Amino acid sequence: MRLLLVFAVVVAAAAAQINQRRPGQTNNRVHNNQRPHNQQPQNQQQPPQKADSQKGTLLSLPEPQLCASRPKQWNFNGHNYFFSWDNEGEGFYELAGETQGRKVNWLEARNECRRRCMDAVSMETEAENNMIFQFIQDRNLSYIWTSGRLCDFTGCSERKDLHPINIYGWFWSNTNTKMAPTNSTPPGWAAQPWSPAGHTGGPQPDNAEYDINQTSESCLGVLNNIYKDGIKWHDIACYHKKPFVCEDSDALLDYVKGTNPTIIL
Ligand SMILES: [Ca+2]
């Protein structure tokens, strides 16, 4: 319980923190493999602009009607999933035009999902991770956001079990569960999901953007061969904009069920 409470606090803190980091420009698309994924063009390496931090400061609450009509594009182990650029499955009419084709920052991705009793996807098992990797490959996507987050904000420093944070400080904010240490293959997994490559040439997570513009790479995205490394996990600064996969949130579904006894979710 203590772990859950801490994470609840730190995730909210993270929400505020992210907006302090949003820069005043949006072009983070990688056009070639020479420019690192997380690096802005030279003339756009600006620090976050406070004037651009008014939107999406807090985690969104679930909206019962949206939860009831949430998109159930596919199912895996009892959870529904949805890719933000698709318009198939139940509930897509409501979503059409909202998320299709859009790229959003990490917090906005979570909030689009959370309003629907979902959250950005969390891959706690290798089977689920393989499912997401396969989806990215089949659709030839360049990248997606997940709910992965580094505990590098208020409330984390006193957690000795999370240090050093680049190894022990990553967690899935969808389910408030810690990830395995980043410096080795997770127990029971056949392969290390973190990339062996990146902007600095070394393994992920590498917090590479911090050396460029002092913005920490605190969010987990899956990149598709950006560094000729296949489909792999990367730590990425949270302001970058990407499409996302939503996954049912048991906590939000339970909350809405509890407060709306007759609702069918
Ligand atoms: Ca990185």
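First, a word on scope: everything that follows refers to the structure included in this document. Numbering of residues starts from 1 in each chain and follows the order in which that chain's sequence is written. Where local features are concerned, this predicted model is filtered to residues with pLDDT of at least 70; where side-chain atom pairs are given and counted, the filter is 80 or more; whole-chain, interface and lining totals use all residues.

## Notes on the overall build of the protein chain
Move 1: Elements are defined by DSSP. Helices are runs of H or I of four residues or more, strands are runs of E of two residues or more, and each kind is numbered from the N terminus. Of the regular secondary structure elements, the protein chain holds eight helices and nine strands.
Move 2: With C-beta atoms placed from the backbone, a residue is labelled by how many other C-beta atoms lie within 10 Å of its own: buried for 20 or more, exposed for 12 or fewer, partly exposed between the two. Counting the 265 residues in the protein chain, one finds 40% classified as buried.
Move 3: Distance between backbone-placed C-beta atoms decides contact: two residues are in contact if it is within 7 Å. Excluding contacts between residues fewer than 6 apart, the proportion of contacts in the protein chain whose partners are at least 24 apart in sequence is 67%.

## With respect to the nonpolar core
Move 1: Core analysis: the biggest nonpolar cluster contains 45 residues, and Ala 120, Val 121, Trp 145, Val 222, Phe 244, Val 245 and Cys 246 have the highest contact counts within it.
Move 2: Other than its neighbours up to four places away in sequence, Phe 244 contacts Ser 84, Ala 109, Ala 120, Ile 144 and Trp 145. Among buried residues, those of type Ala, Val, Leu, Ile, Met, Phe, Trp, Tyr and Cys that are joined through C-beta atoms within 7 Å form a set called a nonpolar core.

## Some remarks on the sheet that holds strand β4 (residues 143-150)
Move 1: In this description, strands pair whenever DSSP reports at least two bridges between them. The sheet built from five strands is open, its strands ordered β6-β5-β4-β7-β8 with antiparallel pairing. Of all strands in the sheet, those with a lone pairing partner are β6 (177-178) and β8 (231-236), marking the two edges.
Move 2: Of the strand pairs in this sheet, strand β5 (residues 170-172) and β6 are connected by two bridges, and their pairing is antiparallel. If you follow Trp 172 over to β6, its bridge partner there is Thr 177.

## Thoughts on the pairing of β4
Move 1: Counting buried positions along β4 gives eight out of eight residues, so the element sits mostly inside the fold.
Move 2: Going residue by residue along β4, you find Tyr 143, Trp 145, Ser 147 and Arg 149 tucked away on one face and Ile 144, Thr 146, Gly 148 and Leu 150 tucked away on the opposite face as well.
Move 3: Pairing of β4 with strand β7 (residues 219-224) involves four bridges; the strand directions are antiparallel. Looking across to β7, one finds that Arg 149 is bridged to Cys 219.
Move 4: In this sheet, β5 lies alongside β4 in antiparallel orientation, the contact comprising three bridges. Looking at the pairing, Gly 148 lines up with Trp 172 of β5.

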